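So the chains spell out like this:
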Amino acid sequence: MGISELLSIVKAENLDTPVINGVGSLHLDAVVAEQTAGGWRVYLVDERDQVIAPTLRSFDDESSALEHVLRKLRQVAKSRQSMARLNARTDASNPPSS
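A brief report on the enclosed structure follows. (Residues numbered from 1 in each chain as written. Predicted model: local features only at pLDDT ≥ 70, side-chain atom pairs only at ≥ 80, totals over all residues. Heavy atoms only, no water.)

1. Some thoughts on the overall build of the protein chain
Assigned secondary structure in the protein chain consists of 2 helices and 4 strands. Written out in order from the N terminus, the α and β elements of the protein chain read α-β-β-β-β-α. Taking 2.2 N^0.38 as the reference for a compact globule, 98 residues should give roughly 13 Å; the C-alpha atoms of the protein chain span a radius of gyration of 16 Å, well beyond that estimate. Seen through its principal axes, the protein chain has C-alpha atoms that stretch 60 × 30 × 20 Å. Relative to all contacts within the protein chain whose residues are 6 or more apart in sequence, the contacts with residues 24 or more apart total 33%. As displayed, the protein chain has an accessible area near 6500 Å², and 50% of this comes from carbon and sulfur atoms. (Helix = DSSP H or I, 4+ residues; strand = E, 2+ residues; numbered from the N terminus. Rg over C-alpha atoms; globule rule 2.2 N^0.38 Å. Contact = heavy atoms within 4.5 Å. Areas by Shrake-Rupley, 256 points an atom, 1.4 Å probe, with all protein chains shown as cover.)

2. With respect to the nonpolar core
Of all hydrophobic cores here, the largest spans 16 residues; its most connected members are Leu6, Val31, Trp40, Val42, Val69 and Leu73. Looking at this core, the elements that each hand over two or more residues are α1 (3-12), β2 (31-36), β3 (39-44) and α2 (62-93). Counting residues per element, this core draws most heavily on α2, which supplies 6 residues. Other than its neighbours up to four places away in sequence, Val31 contacts Pro18, Val19, Val42, Tyr43, Leu44, Val69, Lys72, Leu73 and Val76. One finds Val19, Val32, Tyr43 and Val45 within the second-largest nonpolar core, a separate group that totals 5 residues. (Core = buried A, V, L, I, M, F, W, Y, C linked by side-chain atoms within 4.5 Å. Buried < 20%, exposed > 50% of the residue type's maximum accessible area, 1.4 Å probe, protein only.)

3. A short note on the sheet that holds β3
In space, the 4 strands of this open sheet follow the order β1-β2-β3-β4, with mixed pairing throughout. Since the sheet does not close on itself, it has two edges, and those belong to β1 (19-20) and β4 (57-59), each with one partner. As paired strands, β3 and β4 are joined by 3 bridges and run antiparallel to one another. Directly across from Arg41, in β4, lies its bridge partner Ser58. (Pairing = 2+ DSSP bridges.)

4. Some thoughts on the side chain of Lys72
Assignment of secondary structure puts Lys72 in helix α2. Although Lys72 lies buried, it forms no salt bridge, and the closest oppositely charged side chain, Asp29, sits 9.8 Å away as judged by the N-O distance. (Lys, Arg positive; Asp, Glu negative; His and termini not counted. Salt bridge = Lys/Arg side-chain N within 4 Å of Asp/Glu carboxyl O.)

5. Some remarks on the environment of Arg80
Structurally, the position occupied by Arg80 is in helix α2. Residue classification places Arg80 among the partly exposed positions, given a relative accessible area of 37%. When neighbours within four sequence positions are excluded, Arg80 is seen to be in contact with Asp16, His27, Leu28 and Asp29.

This is the structure we're talking about:
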């Protein structure tokens, strides 16, 4: 997989746009891919734009790294959907008092 293919899938699935080699905007749970001298690094960032250490993975080639980026983007989207459903149930069971 190349960058253009990844971005096409991201657009089609309405996923967050990843940050690739410094291009893109960092935000909570942003998926970041960086090319290094020895390959690629992929990770998520926290609310302070710091690497979430347990998410850091290294890859030898671009294709493997970008496939991992896509998996992470889908996981982040699924997690947000789950949290939205949970929050909706919580809000429904706790109506505002008048």
